[in-house]
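# Structural overview for review
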Amino acid sequence: MKRIILPFLCLSSVAMAIDVTEVKVKTLDGFGGDSGSVVSRCQTKAGAKYDETIVTRDVTQLKSSGEFEEIAADAVKNAHGGVDVVFYVKRKVRYNAPLVLEGNEFFSESKIAKEAGLQDGSLYGESDLAEAASRIRLAYRKKNFADAKVVPRVEIISGNNAKISFLIDEGQRRKIRNFVFSGATYAEKRGISYAMMPFREEKEGAFDEKELRDAIGDHPWWNPIGWFSDSPSSKDALAQCCDKIAEVFRNHGFLDVVVTGPEEVEVGDDEKDIVFNIQEGPLYKIGNMSIQGLKQYPEQAVRDRSELPETGAIAGGKVLDEAAHRIKVTVGSGDRGLADTRVDVLCIPAASPGVVDVVFKVTEGVPVRINEVKIRGNDFTKDRVIRREIRLSPGDRMLEDQADRSKKRLENLGYFARVGYNLEKTNLGKDENGAEYRDLVYEVEEKNTGAFMVGIGASSVDSVYLSAEVSQNNFDLFAPSKLFRGGGQKARAYVAWGPRYQSAEIGLVEPYFLDRMLELSVDAYRRMRWYDEYDLYRSGASASISYPVKFMPHWEPFGRFGVGFSGEFIEFDDVEKGAYYDHSGKEVSFEEEKRRYDEAIEPVLHIFWARDTRDNFRMPTTGYRTKIFADIAPGGDNEYWRFGFNHRNYFTVSKRYGHVFMLGLRAETIDAISGEVPIYNRMFLGGPKSIRGIEYRNVAPLVSRDADGRGDVAPWGGQTLFCLNAEYTIPIVKMLRFAVFSDVGGVGVDDFDFDFSDTFAWTVGVGLRIDLPMFPIRLDVATPIEEPDMAEKEAFSFTVGYDF
């Protein structure tokens, strides 16, 4: 048994003015050898005055050397009137390679040595070797050796030099074939056919079995989340699964659920099922609801503001807890603002079976005046970055709704793994109104906010390209000592290289420029795109500043209004030679476009208003994204104005089944202030991000090699654009959705030219949406119902990226 030494057991009985008679070292490791090196490193010396502080410092210094498994000290009066100081040490062994293994068959010696992580010549104690054994066991369990045992052994060679071996009992390998939820009659296996029928009748209280599998971490092979995590296999992990399964059932109204097990059921020679036995109990609904304990507020007023669940609704544990939280916020806000209010939920069986009367038992708090607002846990993030999201200040009354809203604002930053707040008492007493002075403390736990990604992008337009991106969502341009972290800025650097598309971009966003609600965005880029008729290079930089727009009577932000300026240098290369003819028979050429508009400098003033209320930027289910903009380019090589509108709205058709309808509308027009609009500023539709089913840029005025329109055609572009997209998506399994869609649009020749008769296109199709983290894929098959005369069809298209 490991001996535990308590430091300074007898020190309290020793007078501080007594001399140290002798300093001794007693070893507990049995190595033998010279222990004088321990004494030589101590400041406690024979003949000196005894000082408990110095002895403590000696113990700390010896521990920090990393040479000892255990180190402690004792001081005892001796017969000579002095003190004997004894240091008890247990030294670590020095590992002499190679590692000795017994009983391993599945893993090679090199694999086990790698998992153990022992370095030749390094010092290791019992706890170090126990951790190494644990790493080896974990490697075995990942390969389905659930009962693997690994025992370390030490054989002393000389002094503290030792051979280290591991005795391994691999046990029988049994792969987990399936997790079985025995007795779970309300947990249904739902597949594609289920998702396709949003209005089917279903068993009340039933839910998708996938919720149980997600709760315990059992992911199918095609889910990337499972590629970087392991299904539960150890006994401890499986035991914890019982609580997670019970929580899912309680959240669905099975308040009396009991989950036991798990049991291992052998299947064949090398597989097993993990069986959880579930007694669901009755499905409870809410009967009468009452709020008890209120003294300062009328019950009906609290009910009206707390949005309580309706009578007859399923009594889910999560629903009731959220209702209790809303009551707490309500009582802690308003005219009285009773902070530290506690709300307990009591479910009392009613006379009718399957019904519970819900009592929210309120213990009212007290009025509080905020003394200080304190921030804790922010090692990198600056205080001011956090404080600007908190809507309470010193001297304010404590209002739970403001504190809770501030908590959510901090969570939405994405900087923290956890955000919480509490009130701490002070010794300042109360103000003239009887409110206690307390400190409001926000505690945060920071998380990684940087990312480095390398990948392969692809689309039917850009072909295949390699990309790399470095981003930091909590960037600080002026904090190199903190690795440029903590300032609340967003920074991004991106490069892509492919045969048809290349790009290098860098950007910075300061959301609180000059410590005001001004968002400053700065970007610089060089983009190269190869079209069939010419290559185009754009190099430039831009800066914009925006401010939240507020309207009466509530003065809540309603989008952002902004202005910006950009400068761009545009070049042509590898232009196709020869003449083309437009719809009127006029001769045109790409060589002429290059001659007139090559190496152009364009300074552009931008004015815009934008609003985004989407619930999720990757796969939205509700909300909208809108932008209205006007550009004017005066004084450059190309002078023009442009006006546009872009709106995409998402509607949840069936929340239960996850059906979402999207409607998008885009309209733009452009005209030259002097001269004509160059081809690289004209407008085109067609391809996977506008009109699917038609070749990229083929929904636009086209030009032909022959005046009669019979030769090869090329996109020439127009000055007015209209595009309408409608899409209905249905979840098949997690991260995979089926889509049906229709696209309509056209491009007019001149500004405000709504005659789309020559370019009108209408297509319909189906597709798949694969929501892989940071690598979403859109696959579409479409066919045109109406199409421009000379446009080419594109039945299949795909892109990597989020919704266009």
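Throughout what follows, the structure given in this document is the object of discussion. Given the structure is predicted, the values throughout are model-derived calculations rather than measurements.

So, how was this worked out
- Residues numbered from 1 in each chain as written.
- Predicted model: local features only at pLDDT ≥ 70, side-chain atom pairs only at ≥ 80, totals over all residues.
- Heavy atoms only, no water.
- Helix = DSSP H or I, 4+ residues; strand = E, 2+ residues; numbered from the N terminus.
- Rg over C-alpha atoms; globule rule 2.2 N^0.38 Å.
- Buried < 20%, exposed > 50% of the residue type's maximum accessible area, 1.4 Å probe, protein only.
- Contact = heavy atoms within 4.5 Å.
- Areas by Shrake-Rupley, 256 points an atom, 1.4 Å probe, with all protein chains shown as cover.
- Axes fitted to C-alpha atoms, helices over the stretch in contact; angles between N-to-C directions.
- Parallel < 35°, antiparallel > 145°, perpendicular 65-115°, else oblique.
- Left-handed = near helix turned anticlockwise from the far one by under 90°.
- Nonpolar A, V, L, I, M, F, W, Y, C, P; charged D, E, K, R; others polar.
- Pairing = 2+ DSSP bridges.
- Polar contact = N/O pair within 3.5 Å; in protein donor to acceptor, adjacent residues only side chain to side chain.
- Arc of directions from axis to C-beta.
- Phe/Tyr/Trp six-rings, centres within 6.5 Å; stacked < 30°, edge-to-face > 60°.
- Salt bridge = Lys/Arg side-chain N within 4 Å of Asp/Glu carboxyl O.

Moving on: the overall build of the chain. Along its length, the chain carries 13 helices and 40 strands. The C-alpha radius of gyration of the chain comes to 36 Å, more than 25% above the 28 Å expected for a compact globule of 804 residues. Oriented by its inertia axes, the alpha-carbon framework of the chain measures out at about 120 × 70 × 70 Å. Within the span of the chain, comprising 804 residues, buried residues form 43% of the whole. The contacts of the chain with a sequence gap of at least 6 include a subset with a gap of at least 24, amounting to 60%. When the accessible surface of the chain is split by element, carbon and sulfur atoms take 53% of a total near 41,300 Å².

Let us now look at the packing of helix α9 (residues 299-306) against helix α10 (residues 317-331). The relative placement of two packed helices comes down to the angle between their axes together with the axis-to-axis distance. Contact pair α9 / α10: the axes reach a minimum separation of 9 Å and the direction vectors enclose 120°. Here α9 lies oblique to α10, going by the angle between them. Both α9 and α10 take part in a crossing whose hand is right-handed. On α10, the residues touching V302, R305 and S306 of α9 are R326, I327, T330 and V331. Residue classes in the contact of α9 with α10 are distributed as three nonpolar, two polar and two charged.

Take the pairing of strand β36 (residues 720-733) next. Relative to β36, strand β33 (residues 659-672) runs antiparallel, the two sharing ten bridges. Looking at the pairing, R666 lines up with C723 of β36. In terms of strand pairing, β36 meets strand β37 (residues 736-748) through 13 bridges, oriented antiparallel. Bridging from a neighbouring strand, C723 pairs with G745 of β37. Following β36, the chain reverses through two residues before pairing antiparallel with β37; M735 in that reversal takes a positive phi of roughly 70°.

Another point: the sheet that holds strand β9 (residues 175-182). With mixed pairing, the three strands of this open sheet are ordered in space as β9-β13-β12. Both outer strands of the open sheet, β9 and β12 (258-267), are each paired with one neighbouring strand and no more. Looking at each pair of strands side by side, their axes are set apart by 20° on average, direction ignored. Relative to strand β13 (residues 271-279), β12 runs antiparallel, the two sharing eight bridges. Residue pairing across strands places E264 opposite I274, the latter belonging to β13. The sheet strands contacting helix α8 (residues 235-251) are β9, β12 and β13, and the helix crosses β12 at an angle near 130°.

What follows covers the side chain of S704. By secondary structure assignment, the location of S704 is in strand β34 (residues 702-704). On the basis of relative accessible area, S704 is assigned to the buried category, the value being 1%. Of note is the side chain of S704, whose polar atom sits 3.2 Å from the backbone oxygen of D706.

A few words on helix α13 (residues 590-597). Regarding α13, the residues found buried are F590, E593 and Y597. One side of α13 carries all its buried residues, which in axial view fall inside an arc of 50°. Those residues of α13 hidden inside the fold are in contact with β27 (557-573), β28 (580-581), β30 (600-612) and β35 (713-715). The N-terminus of α13 is capped by S589, whose side-chain oxygen sits 3.0 Å from the backbone nitrogen of E592.

This part takes up unusual backbone geometry. Put simply, A97 and P98 share a cis peptide bond, and its omega is 5°. Its location among the elements puts P98 in the loop between β4 (93-95) and β5 (100-102). Along the chain, G261 connects to P262 via a cis peptide bond; the corresponding omega equals 0°. Inspection of the secondary structure puts P262 in strand β12.

This part takes up the packing of aromatic side chains. Any pair of aromatic rings gets described here by the distance separating the centres and the angle formed by the planes. If you walk through the whole model with that rule in mind, you get 27 aromatic pairs. Seen from their ring centres, F181 and F276 are 6.1 Å apart, and the 15° between their planes marks the pair as stacked. Here F276 lies in strand β13 and F181 lies in strand β9, a separation of 95 residues in the sequence. Given the relative accessible area of 0%, F276 is considered buried.

This paragraph deals with the pattern of salt bridges. Tallied over the full model, the rule gives 50 salt bridges. Of the charged contacts in the structure, one is a salt bridge between K408 and D404, with a shortest N-O distance of 3.6 Å. Residue K408 and its partner D404 are located together in helix α12 (residues 400-413), separated by four residues, close to a single helical turn. Of the charged contacts in the structure, one is a salt bridge between E592 and R595, with a shortest N-O distance of 2.5 Å. Linking E592 with R595, this pair stays in helix α13, spanning three residues, or about one helical turn.

This next bit is on the pairing of strand β31 (residues 623-633). With eight bridges connecting them, β30 and β31 associate as antiparallel partners. When the sheet's bridge partners are listed, W609 is paired in β31 with I628. Looking at chain direction, β31 and strand β32 (residues 640-654) are connected through eleven bridges and run antiparallel. The residue of β32 that forms the bridge with Y624 is N649. Between the antiparallel neighbours β31 and β32 lie six residues, among them G635 with a positive phi of about 85°.

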